[in-house]
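So the chains spell out like this:
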Amino acid sequence: MLRVPVPSEMFQTPAGLLYVHARGRHQLAAGHVHAALEDFQSCGELMIKWGQDSLSFIPWRADAVRACLLLGRVGQAEELAAQQMSLAGGRSGRARGVALRALAMTSPLRKRPALLSEAADLLRSAGASLELAHTYVDLSHAYEALGEYDRAAASGRVAHGLAGRCGARNLCGNLPDVGVAPAPDIAKLSNAERRVAVLAARGYTNGQISGKLHVTVSTVEQHLTRVYRKLRVNSRSELPQNLQLQ
């Protein structure tokens, strides 16, 4: 599609911004980091000029952070990540999830899994599957760097599944070996445990699950503890995405 010429006037429209941002992501995936950063910055400059610098429209700073880090521009990356978090403010959902992912990229390694897991929960709840796939890719790399290879592989498998559903399989090209996931023994779950697990996998908080199922938060926590043990996972972010009620 990038070989198809488009009229220059398009680049002065919101559609043109989307095109430039997508082109930047393509350039980044292809290893053309300088060109990618130019596209992200051009996109941002126009959005600021037009008063459309909205995180819900195009999160150009988060992509620029990744490009800056690849170029060794750590200070610039940190500044962009801080701007992204400031703009996100106290919001929830996609905007804050993307901001947390950008912040994680510029944070010390030991802090990244917690930030990325929080971002994943927000993005899952918002239905932002592509951004969620990016987050699990980052989470897999973070766990690998920390030497937590089982968690790296588990996060990688989630990333592969999400990227496949989004038609973005190339996103996972440099992940650590994910191997074949052991089949979770879902049959071991009671009906009550399965209901809690399904909602937790979909991003609901313990309080929200409590309200939906008309049980106490303590009961939800007890069910989740048993679910984690039976499915051999450590957190709700590692729950199988295809859990369904019987």
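Residues numbered from 1 in each chain as written. Predicted model: local features only at pLDDT ≥ 70, side-chain atom pairs only at ≥ 80, totals over all residues. Heavy atoms only, no water.

*Asks:* Describe the overall build of the protein, with residues and values.
*Replies:* Looking only at helices and strands, the protein features 11 helices and 0 strands. Secondary structure elements of the protein occur, N-terminal to C-terminal, as α-α-α-α-α-α-α-α-α-α-α. In the protein, which comprises 246 residues, the proportion classed as buried is 45%. Sequence-distant contacts in the protein: of pairs separated by 6 or more residues, those separated by 24 or more amount to 56%. If you sum the accessible surface of the protein, you get close to 12,600 Å²; carbon and sulfur atoms cover 53% of it. (Helix = DSSP H or I, 4+ residues; strand = E, 2+ residues; numbered from the N terminus. Buried < 20%, exposed > 50% of the residue type's maximum accessible area, 1.4 Å probe, protein only. Contact = heavy atoms within 4.5 Å. Areas by Shrake-Rupley, 256 points an atom, 1.4 Å probe, with all protein chains shown as cover.)

*Asks:* Describe the packing of helix α1 (residues 14–29) against helix α3 (residues 60–70), listing the residues and the values that go with them.
*Replies:* As a packed pair, α1 and α3 sit with axes 11 Å apart at the nearest point and diverge in direction by 25 degrees. By the angle class used here, α1 and α3 are roughly parallel. Judged by the sense of rotation from one axis to the other, the crossing of α1 with α3 is left-handed. Contacts between α1 and α3 involve H21, R25 and L28 from the former and W60, D63, R66, A67 and L70 from the latter. (Axes fitted to C-alpha atoms, helices over the stretch in contact; angles between N-to-C directions. Parallel < 35°, antiparallel > 145°, perpendicular 65-115°, else oblique. Left-handed = near helix turned anticlockwise from the far one by under 90°.)

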